[in-house]
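# Working through the structure, step by step
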Amino acid sequence: MKSVRLLLFLLALLLLPGCGSPGADSPVRGEYPCRRELLAMDTIMTLTVYAQSEKDGQEILRQAAGCIQELEALLSVTEAGSEIYQANHSNGKPVSLSDEPRQLLAEALALCESTGGALDVTVYPVVRAWGFTTGEYRVPEAAELAGLLQKVDYTQAILEGDRLALPEGVELDLGAVAKGWTGDRLMALFRSAGVSSAIVELGGNVQALGAKPDGSPWRVAVQAPEGGYAGALEVVDKAVVTSGGYQRYFEQDGVAYCHIIDPSTGYPAESGLSSATIVADRGVQGDGLSTALFVMGRERAEAYWREHQDFDFILLGADGTAAITEGLEDSFSLYGKWEGCPLEVIRK
Ligand code: AMP
Ligand code: MG
């Protein structure tokens, strides 16, 4: 079932259509909230910037929408014109990548490596076999998955300078990191336009530039797997990225199959987590790790955090327990149906 239930709820945010003064006679610099919604990368996106004037805000949002469309055209795995599509159809011949896909792929491959292959950008043939690329869902036979898994190995994607070589049958899918990368690009665009306060919601990715115009942190809610919200988090200048089994899945014979694949089995990840939320400085890191830690499950996720410690996480367990890393102790709280559930704080 395709769904946009993954959207995180932005609390205490002025959700005004278009642009407008917040009501003061002489608005403070940078306080015109301007908002735009668009459909891209298979999800609903909401962009909000606080600009110095309505005109400025609208122009910045126009550029932001252009940036998103450009990235989608370069990175899409299904659009025939994209560089990723061309690489996937290169029949083993090296192709050259432009700057953006090259930089993103280099970062993604480093995350594949550091997560021990829990993130694997070559998992596409398996994702397709389950029907997640078209919505024509099916449960593949074990033998079919075993055959496809032979082609799932990120170390087979050789990136040297701007040249990418993929052996025949190996295909890339940057879907697990593309929205995080896009969030980073939008923050850079806003910053260079003089904006100091903005927030974007790109499906399960929320990314904030600075604080709210009054200096207080943004409040971002974390979705509960069963619907509604499980908790709220206060952030300044952070990406908050969630991967959850409830975001996209189908059911067959009473079994739910989610869109996040464990590359070591070829089956949808069943790690005991309902969702993994990463809080990081950079969207691309948050996005790659949310997918990877969802695959890893609680124990391996904890070990990964201890080793790296350059991000925080919120893990919601299928058993109704939650765990956060110590950096979120003062900024996260459970609420709604999850209020009162066991919440463990993981320390160094
Ligand atoms: P996300 O929503 O960021 O967790 O990314 C999930 C998307 O990435 C899926 O829809 C697939 O296209 C792809 N994907 C699924 N499993 C993996 C994996 N283990 N590593 C990399 N990409 C994956
Ligand atoms: Mg991801």
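Everything below is about the structure shown above.
Structural notes, computed from the coordinates. Predicted model, so just to flag it, every value in this text is computed and none were measured. (Residues numbered from 1 in each chain as written. Chains lettered and ligands numbered in written order. Predicted model: local features only at pLDDT ≥ 70, side-chain atom pairs only at ≥ 80, totals over all residues. Heavy atoms only, no water.)

Now for the overall build of the protein. Helix and strand counts for the protein stand at eight helices and 19 strands. Against the compact-globule benchmark of 20 Å for 348 residues, the protein has a radius of gyration of 20 Å, which places it among compact chains. Principal-axis analysis of the C-alpha atoms gives the protein an extent of 70 × 50 × 40 Å. With 348 residues in all, the protein has 53% of them scored as buried. For the protein, long-range pairs separated by at least 24 residues make up 60% of all intrachain contacts whose partners lie at least 6 apart in sequence. Roughly 14800 Å² of accessible area belongs to the protein as shown, and the carbon and sulfur atoms make up 48% of that amount. (Helix = DSSP H or I, 4+ residues; strand = E, 2+ residues; numbered from the N terminus. Rg over C-alpha atoms; globule rule 2.2 N^0.38 Å. Buried < 20%, exposed > 50% of the residue type's maximum accessible area, 1.4 Å probe, protein only. Contact = heavy atoms within 4.5 Å. Areas by Shrake-Rupley, 256 points an atom, 1.4 Å probe, with all protein chains shown as cover.)

Another point: the site of ligand 1. Contacts to ligand 1 come from 15 residues, most closely from Asp 120, Asp 173, Ser 243, Ile 261 and Thr 291. Measuring from a nitrogen atom of ligand 1, one finds a backbone N or O atom of Asp 120 at 3.0 Å. Within the side chain of Asp 173, one N or O atom sits 2.6 Å away from an oxygen atom of ligand 1. Protein contacts shield 91% of the accessible area of ligand 1, which totals 490 Å² for the unbound molecule. Looking at side-chain class alone, the shell around ligand 1 contains eight nonpolar, four polar and three charged residues. (Near = heavy atom within 4 Å. Polar contact = N/O pair within 3.5 Å; in protein donor to acceptor, adjacent residues only side chain to side chain. Nonpolar A, V, L, I, M, F, W, Y, C, P; charged D, E, K, R; others polar.)

Taken across its five residues, strand β8 (residues 198-202) has five buried, putting it largely inside the fold. In β8, alternate side chains face the same way, and those of Ala 198, Val 200 and Leu 202 on one face and Ile 199 and Glu 201 on the other are all buried. Where strand β4 (residues 43-51) lies against β8, five bridges are found, and the strand directions are antiparallel. Looking at β8, one finds that Thr 46 is bridged to Glu 201. Across five bridges, β8 lies against strand β9 (residues 205-209) in antiparallel orientation. (Pairing = 2+ DSSP bridges.)

This part takes up the environment of Asp 237. Mapped onto the elements of the fold, Asp 237 is located in the loop between β11 (229-235) and β12 (239-244). The class for Asp 237 is partly exposed, based on a relative accessible area of 37%. A sequence separation of 39 residues divides Asp 237 from Ala 198, and the C-alpha atoms of the two residues are 9.2 Å apart. Filtering out sequence-adjacent residues up to four positions away, Asp 237 remains in contact with Arg 191, Ala 208, Leu 209, Gly 210 and Asp 281. A distance of 3.1 Å separates the side chain of Asp 237 from the backbone nitrogen of Gly 210, its partner in a polar contact.

Under the definition given, this model contains 15 salt bridges. Linking Arg 306 and Glu 302 is a salt bridge whose minimum nitrogen-to-oxygen distance equals 3.0 Å. With Arg 306 and Glu 302 both in helix α8 (residues 298-308) and four residues apart, this pair spans about one turn of that helix. Relative accessible area serves as the criterion here: at 36%, Arg 306 is assigned to the partly exposed category. Glu 302 gets classed as buried once you look at its relative accessible area, which sits at 17%. Connected through salt bridges with shared partners, the residues Arg 298, Glu 302, Arg 306 and Glu 344 form a single ionic network. (Salt bridge = Lys/Arg side-chain N within 4 Å of Asp/Glu carboxyl O.)

We now examine the packing of helix α7 (residues 283-296) against α8. Where α7 meets α8, the closest approach of the two axes is 6 Å, and the angle between their N-to-C directions is 135°. Comparing their axes, α8 and α7 come out oblique. Residues Leu 289, Leu 293 and Met 296 of α7 form the contact with α8, whose own contacting residues are Arg 298, Arg 300, Ala 301 and Tyr 304. Among the residues forming the contact of α7 with α8, the class breakdown is five nonpolar, no polar and two charged. (Axes fitted to C-alpha atoms, helices over the stretch in contact; angles between N-to-C directions. Parallel < 35°, antiparallel > 145°, perpendicular 65-115°, else oblique.)

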